Amino acid sequence: MTVRDTTRQVLPLDRITAVLFDMDGVITDTASVHAAAWKRTFDEFLLDLSRSGGPPFRPFDLIEDYRRHVDGKARTAGIRDFLASRGLTLPDTAPPDRPETMTVATLGDRKDRYFKDYIDQYGVTAYPATVRLIHRLRERGIRLAVVSASRNCAAVLRAAGISDLFDVRVDGVDAARLRLPSKPDPALFLEAARRLDVSPATTAVVEDSLSGVEAGRRGGFALVIGVDRAHQRAALYEKGAHIVVSSLASLELTGAEVSP
Ligand SMILES: O=P(O)(O)OC[C@H]1O[C@@H](O)[C@H](O)[C@@H](O)[C@@H]1O
């Protein structure tokens with residue numbers, strides 16, 4: 001079954017039994033924190049590289065580079081994809097005799113430190129409209145999962161005080177343990193559907209990243225809802241979103257048992 005309605009922004013609960021929510025940028029306002037941590041990490045690296053005879057310094061673009069190469073992907077996949085866009089590669093880890101070698105792991109650790117420092121200092125806020133929608137879905141018996149590439153998923157949910165809202169969590173720690181490929185591969189979403197014991201044909205995916213929307217579509221999910229937090233409505237549609245909303249407050253619930 002495909003639920004497609006491009007004129008109304010509707011979640012039809014007579015045909016949807018489960019909803020899979022991405023976290024960063026959909027549930028919590030942490031997409032911009034990731035983006036800022038990535039910019040600091042890559043800019044330091046690119047500047048060092050240019051000073052030591054590499055290509056001229058061109059900073060990481062907070063909007064374009066983030067959404068094209070990093071957003072929604074696993075930490076190491078984002079690093080490799082961004083470096084590749086600049087014609088660069090790094091080894092995954094340092095050889096034992098040259099521990100000072102710059103690696104994918106070094107950049108990942110730095111970014112993680114910047115991200116955690118920010119969260120520790122300023123905390124995490126969940127989008128009120130998303131939390132309201134989650135409560136309304138729960139009241140109606142819809143099965144719910146949070147699906148995130150982040151290894152910090154559990155800590156971020158805890159910091160926002162919303163760990164107990166979901167039946168299932170599939171995150172970056174699971175992805176590494178189960179060797180699940182990064183979005184845009186649908187593996188994380190399919191794993192969440194499997195754990196919830198629901199079919200993609202009756203499941204909706206809510207995503208703000210281009211890679212995540214593509215993953216939802218490739219997984220054959222009934223309804224892929226793009227959340228446009230970064231003025232990328234057209235690109236979300238291009239990647240396969242059935243509908244795009246700027247806030248989940250504008251999503252209308254329909255179906256036999258739905259009241260306003
Ligand atoms: O570095 P972490 O916390 O494991 O997160 C990995 C990725 O998680 C995704 O949810 C974010 O969109 C990315 O920006 C981030 O890089």
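Predicted, not measured: the structure shown is a model, and the values here were computed from it.

Criteria and cut-off values
Residues numbered from 1 in each chain as written. Predicted model: local features only at pLDDT ≥ 70, side-chain atom pairs only at ≥ 80, totals over all residues. Heavy atoms only, no water. pLDDT = per-residue confidence, 0-100. 1 Å grid on protein atoms, 1.4 Å probe; cavity = no way out; pocket = protein on both sides within 12 Å on 5 of 7 lines; lining within 4 Å. Points joined across faces, edges and corners; volume = space filled by probe spheres on them. Helix = DSSP H or I, 4+ residues; strand = E, 2+ residues; numbered from the N terminus. Domains from an automatic or database assignment. Salt bridge = Lys/Arg side-chain N within 4 Å of Asp/Glu carboxyl O. Buried < 20%, exposed > 50% of the residue type's maximum accessible area, 1.4 Å probe, protein only. Polar contact = N/O pair within 3.5 Å; in protein donor to acceptor, adjacent residues only side chain to side chain. Contact = heavy atoms within 4.5 Å. Buried area = accessible area lost by both parts, 1.4 Å probe. Nonpolar A, V, L, I, M, F, W, Y, C, P; charged D, E, K, R; others polar.

Caption draft 1: Geometry of the confidence of the model for the chain. On average, residues of the chain score 94 in pLDDT, and 95% of them reach the 70 mark or higher. The ipTM for the predicted assembly is 0.98, set against a pTM of 0.93.

Caption draft 2: Spotlight on empty space enclosed by the protein. In total, this model carries 1 cavity of 30 Å³ or more according to the counting rule given. Size it by volume and the largest cavity reaches roughly 240 Å³. Of all the secondary-structure elements, those providing two or more residues to the lining of the largest cavity are α1 (31–51), α2 (64–70) and α3 (75–85). Split by domain, the lining of the largest cavity shows at least three residues from each of two domains, domain 1 (10–30 + 125–254) and domain 2 (32–122).

Caption draft 3: Looking closely at the pattern of salt bridges. One pass over the structure, following the stated rule, counts 22 salt bridges. The salt bridge involving E64 is made with R68; its shortest N-O contact spans 2.8 Å. Here R68 and E64 lie together in helix α2, a separation of 4 residues that amounts to about one turn. In this structure, E139 engages R140 in a salt bridge whose closest nitrogen and oxygen atoms are separated by 3.8 Å. The exposure class of E139 is exposed, given its relative accessible area of 63%. Classification of R140 as partly exposed rests on a relative accessible area of 24%. Three or more residues are tied together by salt bridges with common partners; here these are D174, R177, E191, R194 and R195.

Caption draft 4: Region of interest: the environment of D24. Structurally, the position occupied by D24 is in the loop between β2 (18–21) and α1. Given a relative accessible area of 10%, D24 falls into the buried group. At 3.2 Å, the side chain of D24 forms a polar contact with the side chain of H34.

Caption draft 5: Spotlight on the domain arrangement of the chain. Parsing the chain into structural domains produces domain 1 (10–30 + 125–254) and domain 2 (32–122). Centre-to-centre, using C-alpha coordinates, domain 1 lies 26 Å away from domain 2. Across the contact, 17 residues belong to domain 1 and 14 residues belong to domain 2. Regarding the contact of domain 1 and domain 2, the summed buried area is about 1,200 Å², with carbon and sulfur atoms giving 51% of it. The three residues of domain 1 that bury the most area against domain 2 are T30, N152 and S182, which together make up 36% of that side's buried surface. Between domain 1 and domain 2 we count 0 salt bridges in total. If you look at where domain 1 meets domain 2, you find 8 residue pairs in polar contact (both at pLDDT 80 or more). Its residues placed into classes, the side of domain 1 that touches domain 2 shows 4 nonpolar, 8 polar and 5 charged.

Caption draft 6: View of the layout of surface pockets. A volume near 310 Å³ is recorded for the largest pocket. Looking at the largest pocket, it is lined by 17 residues, and the ones nearest its centre are A31, S32, Y66, R229 and A230. Counting only elements with at least two residues in the lining of the largest pocket, the list comes to α1 and α2. The element that contributes the greatest number of residues to the lining of the largest pocket is α1, accounting for 4 residues. Each residue belonging to the lining of the largest pocket can be placed in one class, and the counts come to 9 nonpolar, 3 polar and 5 charged. No fewer than three residues from each of domain 1 (10–30 + 125–254) and domain 2 (32–122) sit in the lining of the largest pocket. Considered as a void within the structure, the second largest pocket measures approximately 260 Å³ in volume. Lining the second largest pocket are 15 residues; nearest its centre among them are A74, R75, T76, R151 and A176. Residue composition of the lining of the second largest pocket, by class: 8 nonpolar, 4 polar and 3 charged. No fewer than three residues from each of domain 1 (10–30 + 125–254) and domain 2 (32–122) sit in the lining of the second largest pocket.

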